[in-house]
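# Overview (structure and organization)
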Amino acid sequence: LAAKALLAMGGCYERLGKGEAQKAYERVIEEYPGQMQEVSIAKERIAELSKIFDSFAHEPTFGKIQIPSNPDNGVLSPNGETLAFVSKGCVWTVPVSGKVDPYIAGEPRKLTPNLGAWNMNSTLAWSGDGKWLAFNAANEAPASKDVYVVSSAGGEPSKVSIPYRRCGWPEEFRLSLSPDGKTLAYASFVVTDDEESQEPAIFTIPVTGGEAKQLTDIWTQEPAFSPDGKNIAYVKNYRGDNGRRNSDVWIIPAVGGTPAQVSHLQSGQTR
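In this report, we go over the structure that sits alongside the text. (Residues numbered from 1 in each chain as written. Predicted model: local features only at pLDDT ≥ 70, side-chain atom pairs only at ≥ 80, totals over all residues. Heavy atoms only, no water.)

### Describing the pairing of strand β7 (residues 146-151)
Within β7, five of the six residues are buried, leaving the element largely enclosed by the surrounding structure. Pairing of strand β6 (residues 132-137) with β7, which is carried by six bridges, proceeds in the antiparallel orientation. Paired with Asn-136 across the bridge in β7 is Val-147. Where β7 lies against strand β8 (residues 158-159), two bridges are found, and the strand directions are antiparallel. Bridging across to β8, Tyr-148 finds its partner in Lys-159. Here β7 folds back onto β8 in antiparallel fashion, the turn holding six residues, of which Gly-154 has a positive phi close to 105°. (Buried < 20%, exposed > 50% of the residue type's maximum accessible area, 1.4 Å probe, protein only. Helix = DSSP H or I, 4+ residues; strand = E, 2+ residues; numbered from the N terminus. Pairing = 2+ DSSP bridges.)

Written out as structure tokens, the structure reads:
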């Protein structure tokens, strides 16, 4: 029973993303070697966790790309081959590697006319399949609620009919598109009756129009769809004991449901 309990404890720690999972499995092996089935399962879970840890152990490599433009910031496509950026109110894309040299970008392509696209805080968002881009359009942020979606191959941008959108801090305007590009996740202050909150919550809405759905409580922002589109990660803010604004990462099913906390920052650790 104790060995089974430790296995169950390890499974709970895994779902919480905590390192104590491996310690629980190691206890099964060390303290209950006679429980062959439980020991076998514990060894399998340790091997699987080792693969996960190894995947995070690789050092990234960097290469400086020469680009015939000077964007303030840009967002890479999911396959890492194309950079999307905003210049003078227009959305552009450029191949990271051109035909001349891998470290010289290709020819930029203008996707939209000047719609007042907002060039701040990496608010451009690619869909997971790389076929669509969502962006904020505001002449003077954060005064506008306008969000547009445009095909990464070019075409007429379409405005997403968000019924109400207002935020405070620039990072609250971060967008995310579902992998198929059909659903937009965004943050906005919540309005109940005639009262408006001063902190945002996460909403989703079909890009072709429909009813907006509130997924989270207030003090939440910066949504990001998972690669399979089943979950949305987001940042939840709170006031610590010292009065400072702290943050943690949470996830929630994209269709709505019970959220789960991923990170646990120490008291007093700021964003």
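### Considering the sheet that holds strand β14 (residues 231-239)
Spatial strand order, β13-β14-β15-β16: four strands in an open sheet with antiparallel pairing. The open sheet has two edge strands with one neighbour each: β13 (220-225) and β16 (260-261). Across nine bridges, β14 lies against strand β15 (residues 245-253) in antiparallel orientation. Residue Val-235 lies in a different strand from β15, and its bridge partner there is Val-249.

### Notes on the side chain of Arg-165
Topologically, Arg-165 is positioned in the loop between β8 and β9 (176-177). At 3.3 Å, the side chain of Arg-165 forms a polar contact with the backbone oxygen of Ala-187. (Polar contact = N/O pair within 3.5 Å; in protein donor to acceptor, adjacent residues only side chain to side chain.)

### Quick word on the nonpolar core
Ranked by internal contacts, the top residues of the largest apolar core, which has 15 residues, are Ala-134, Val-160, Ile-162, Leu-175, Leu-184 and Tyr-186. Listed by contribution, the elements that provide at least two residues to this core are β7, β10 (183-192) and β11 (195-206). Setting aside anything within four residues of it in sequence, one finds Val-160 in contact with Val-147, Val-149, Leu-184, Ile-205, Pro-206 and Val-207. Counting 13 residues, the second-largest nonpolar core is a separate cluster that includes Val-75, Ala-117, Trp-126 and Ala-137. (Core = buried A, V, L, I, M, F, W, Y, C linked by side-chain atoms within 4.5 Å. Contact = heavy atoms within 4.5 Å.)

### Focus: the pattern of salt bridges
Counted according to the given criterion, the structure contains four salt bridges. Salt-bridge contacts for Arg-45 lead to Glu-14; the nearest nitrogen and oxygen are separated by 2.7 Å. With a gap of 31 residues between them, Arg-45 in helix α3 (residues 36-55) and Glu-14 in helix α1 (residues 2-16) connect regions that are remote in the sequence. By relative accessible area, Arg-45 is classed as partly exposed at 27%. Across the salt bridge formed by Arg-27 and Glu-31, the nearest N and O atoms sit 3.0 Å from each other. With Arg-27 and Glu-31 both in helix α2 (residues 20-31) and four residues apart, the pair spans about one turn of that helix. Residue classification places Glu-31 among the partly exposed residues on the basis of a relative accessible area of 41%. (Salt bridge = Lys/Arg side-chain N within 4 Å of Asp/Glu carboxyl O.)

### Comments concerning the environment of Trp-126
Along the chain, the position of Trp-126 falls in strand β5 (residues 125-126). Trp-126 sits in the buried class, given a relative accessible area of 11%. Each C-alpha atom, one on Trp-126 and one on Leu-175, is 9.1 Å from the other, the two residues being 49 residues apart in sequence. Excluding anything up to four places from it in sequence, Trp-126 contacts Val-75, Leu-76, Ser-77, Pro-78, Thr-82, Ala-84, Thr-93, Trp-132, Leu-133, Ser-152 and Leu-177. A polar side-chain atom of Trp-126 sits 3.0 Å from the main-chain carbonyl oxygen of Val-75.

### What to know about the environment of Gly-210
With respect to the helices and strands, Gly-210 occurs in the loop between β11 and β12 (213-214). Separated by 148 residues in sequence, Gly-210 and Phe-62 place their C-alpha atoms 42 Å apart.

### Comments concerning a nonpolar patch on the surface
A cluster of nonpolar residues, Val-249, Ile-251 and Val-262, forms a patch on the protein surface that exposes about 190 Å² of accessible area. Assignment of secondary structure puts Val-262 in the segment after β16. (Patch = residues over 30% accessible without salt bridge, like charges linked within 9 Å, V, L, I, M, F, W, Y side chains within 5 Å. Areas by Shrake-Rupley, 256 points an atom, 1.4 Å probe, with all protein chains shown as cover.)

### Comments concerning the sheet that holds strand β3 (residues 90-95)
One open sheet holds the four strands; their spatial order is β1-β2-β3-β4, and the pairing between them is antiparallel. The sheet is open, and its two borders are formed by β1 (74-76) and β4 (109-110), each paired with just one other strand. Note that β1 and strand β2 (residues 82-87) share three bridges and pair antiparallel. Its bridge partner lying in β2, Leu-76 is registered against Leu-83.

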